[in-house]
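# Results of the structural survey
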Amino acid sequence: FRLSGRDPALGPPSSEEFFAMVHEDDREILRDTIDAALASGLAYELTIRQLRDEGGCRDVLLKGQPIFDVEGYTIELYGVMIPQSS
């Protein structure tokens, strides 16, 4: 929450809210990367530009993994965001 500037009381961001924090030029590759991970079940790693509240952006490394139930349905997309620059 601290990395995204989001109030923890609001809970995790929706997919739409999360993509709004991503530089518009990086959104398509991020969507494609997540779609490929969901289709394959494999983890992903991607560096994107995160928009900052005060303006500008910073590079962040996203690492994620789809989580499936016993029937093979996606139940969660787990991920972490690691700043690469200030």
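Our structure is the block above this text.
This is a predicted model, so every value here is computed, not measured.

### Comments concerning the packing of aromatic side chains
As enumerated under the stated definition, the model contains one aromatic pair in all. With a centroid separation of 5.9 Å and 80 degrees between ring planes, the pair formed by phenylalanine 18 and phenylalanine 19 is classed as edge-to-face. A residue is classified by how much of its surface remains accessible, and phenylalanine 19, at 8% relative accessible area, is buried. A cation sits over an aromatic face here: arginine 31 above phenylalanine 19, 4.2 Å from the ring centre.

### Quick notes on the sheet that holds strand 1 (residues 44-51)
In space, the three strands of this open sheet follow the order 1-2-3, with antiparallel pairing throughout. In this open sheet, the two edge strands, each paired with only one partner strand, are strand 1 and strand 3 (74-83). The sheet shows a mean angle of 35 degrees between the axes of neighbouring strands, taken without regard to direction. Two strands pair when backbone bridges link them, and strand 2 (residues 57-68) and strand 3 are joined in this way by nine bridges, in the antiparallel orientation. Bridging across to strand 3, leucine 61 finds its partner in isoleucine 82.

### Brief notes about empty space enclosed by the protein
By the definition in use, this model includes one cavity of 30 Å³ or more. What the largest cavity holds in volume is close to 50 Å³. Contributing to the lining of the largest cavity are Ser4, Phe18, Met21, Val22, Ile48, Gln50, Val60, Leu62 and Met81. At the level of elements, strand 1 and strand 2 are the ones that each hand at least two residues to the lining of the largest cavity. Considering only residue class, the lining of the largest cavity consists of seven nonpolar, two polar and no charged.

### Comments concerning helix 2 (residues 27-40)
Taking 1.5 Å per residue, 14 residues should reach 20 Å; helix 2 reaches 20 Å between its end C-alpha atoms and fits that length. Every buried residue belonging to helix 2 is among Leu30, Thr33, Ile34 and Ala37, and all of these are buried. Down the axis of helix 2, the buried side of the element spans an arc of 95 degrees, and every buried residue falls inside it. In helix 2, the exposed positions angled more than 90 degrees off the buried face are occupied by Glu28 and Ala39. Buried-residue contacts for helix 2 involve helix 1 (15-20), strand 1, strand 2 and strand 3. Looking one or two residues past helix 2, glycine 41 carries a phi angle of roughly 80 degrees, positive in sign.

Parameters at a glance
- Residues numbered from 1 in each chain as written.
- Predicted model: local features only at pLDDT ≥ 70, side-chain atom pairs only at ≥ 80, totals over all residues.
- Heavy atoms only, no water.
- Phe/Tyr/Trp six-rings, centres within 6.5 Å; stacked < 30°, edge-to-face > 60°.
- Buried < 20%, exposed > 50% of the residue type's maximum accessible area, 1.4 Å probe, protein only.
- Lys NZ or Arg CZ within 6 Å of the ring centre and 35° of its normal.
- Pairing = 2+ DSSP bridges.
- Helix = DSSP H or I, 4+ residues; strand = E, 2+ residues; numbered from the N terminus.
- Axes fitted to C-alpha atoms, helices over the stretch in contact; angles between N-to-C directions.
- 1 Å grid on protein atoms, 1.4 Å probe; cavity = no way out; pocket = protein on both sides within 12 Å on 5 of 7 lines; lining within 4 Å.
- Points joined across faces, edges and corners; volume = space filled by probe spheres on them.
- Nonpolar A, V, L, I, M, F, W, Y, C, P; charged D, E, K, R; others polar.
- Expected span 1.5 Å × (residues − 1).
- Arc of directions from axis to C-beta.
- Contact = heavy atoms within 4.5 Å.

Bear in mind that shape data such as this cannot, by itself, settle questions of function.
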